[in-house]
Amino acid sequence: MADLIAALTRKVADFPKPGVQFKDLTPLFADRDALVAVTKALAGTASGADLVAGIDSRGFLVGAAVATRLGTGVLAIRKSGKLPPPVLSESYTREYGDACIEIPADGLDLRGRSVFLIDDVLATGGTLAAAARLMERAGARATGAGVVVELPALGGRAAVAPLPVHSLSQA
Ligand code: AMP
């Protein structure tokens, strides 16, 4: 699995800023067999969750695929400015700058839900930690997180602890 992911990842130096090597998973997602394998592997780590939340925007692709496989709904955790108010927001710092993610503050009852978080890449962990806080504020509980690529040097796993993170590859 890790070899397949590495082979289908486009690595771009100094993007979006100097010093960052961007992992572009577009070739992986466009490959039928790889997408099925990744979806299956992440779904296998998410059992027990009754909702999957994908993080804007590449987390939407895998999150929706995993939700379909598990037979759950999917929640899109959006970047700020995309959703109409009222929203619940969490600000955070990530590998290449500050950011903010949001979910609707009404019309959606997440109380008591068990949510599995999905993103493409785990870097510093700021994004997933903020997503877990959002779930808590909405009355839900993040049970775990799944990512396709983990960048261990950036310490994201420790930053999101005690939330368990399942990564399919490390780079
Ligand atoms: P972080 O919050 O630092 O763990 O960053 C994770 C979020 O930023 C994910 O939504 C990723 O899509 C994106 N990201 C951070 N670093 C990279 C990277 N080197 N390559 C691709 N995406 C990244």
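Bear in mind the structure is a predicted one, so any value in this text is a computation, not a measurement.

A. The arrangement of the site of the ligand in detail. Taken together, 18 residues surround the ligand, and among them Arg58, Glu95, Asp120, Thr124 and Thr127 come closest. Residue Gln21 places a main-chain N or O atom 3.0 Å away from a nitrogen atom belonging to the ligand. Within the side chain of Asp119, one N or O atom sits 2.7 Å away from an oxygen atom of the ligand. Across the complex, the protein chains shield 98% of the 480 Å² of accessible surface that the ligand would expose by itself. Grouping the amino acids of the shell around the ligand by side-chain chemistry returns seven nonpolar, five polar and six charged.

B. The arrangement of the nonpolar core in detail. Core analysis: the largest hydrophobic core is formed by 29 residues, its most contacted members being Leu75, Ile77, Ile103, Leu110, Leu117, Leu128 and Met135. Elements with a minimum of two residues in this core: β3 (51-55), β4 (73-79), β5 (87-94), β6 (97-104), β7 (114-122), α5 (126-137) and β8 (141-150). Listed in part, the 23 residues of the second largest apolar core include Ile5, Ala49, Val62 and Ile118.

C. Seen up close, the sheet that holds β8. Sheet architecture is open: seven strands sit in the order β5-β6-β4-β3-β7-β8-β9, paired in mixed fashion. The open sheet terminates on both sides in strands that have one partner only, identified here as β5 and β9 (165-167). Strand-to-strand twist in this sheet, taken as the mean axis angle between neighbours without regard to direction, amounts to 25 degrees. Sheet topology note: the β7/β8 ladder contains eight bridges and is parallel. Each bridged residue has a counterpart across the sheet, and for Ser114 the counterpart in β8 is Arg141. Along the sheet, helix α3 (residues 32-45) makes contact with β7, β8 and β9, crossing β8 at roughly 150 degrees.

Calculation notes
- Numbers given to residues run from 1 along each chain, matching the order in which its sequence is written.
- Local features are withheld for residues below a pLDDT of 70 in this predicted model, meaning they are given only at 70 or higher, and side-chain atom pairs are given and counted only at 80 or more; totals for whole chains, interfaces and linings count all residues.
- The basis for every side-chain value is the complete set of non-hydrogen atoms in the structure, without hydrogens or water.
- Working definition: residue near molecule or strand if any one of its non-hydrogen atoms lies within 4 Å of it.
- Any pair of N or O atoms that falls within 3.5 Å is considered a polar contact. Within protein, one atom must be able to donate a hydrogen and the other to accept it, and sequence-neighbouring residues count only if both atoms are side-chain atoms.
- Surface accessibility follows the Shrake-Rupley procedure with a 1.4 Å probe radius. Residue values consider only the protein chains on display as shielding.
- When residues are grouped by polarity, Ala, Val, Leu, Ile, Met, Phe, Trp, Tyr, Cys and Pro land in nonpolar, Asp, Glu, Lys and Arg in charged, and all others, Gly among them, in polar.
- For this analysis, a nonpolar core means a set of buried residues of the types Ala, Val, Leu, Ile, Met, Phe, Trp, Tyr and Cys, connected via side-chain atoms within 4.5 Å.
- Classification of residues uses two cut-offs on accessible area relative to the type maximum, computed with a 1.4 Å probe and protein chains only: under 20% is buried, over 50% is exposed, and between them is partly exposed.
- Where helices and strands are cited, they refer to DSSP runs of H or I of at least four residues and of E of at least two residues respectively, numbered from the N terminus.
- DSSP calls a pair of strands paired once it identifies at least 2 bridges connecting them.
- Note on method: axes are straight lines fitted to C-alpha atoms, helices fitted across the in-contact stretch only, with angles between N-to-C directions ranging 0 to 180 degrees.
- Any pair of residues with heavy atoms lying within 4.5 Å of one another is described as a contacting pair.

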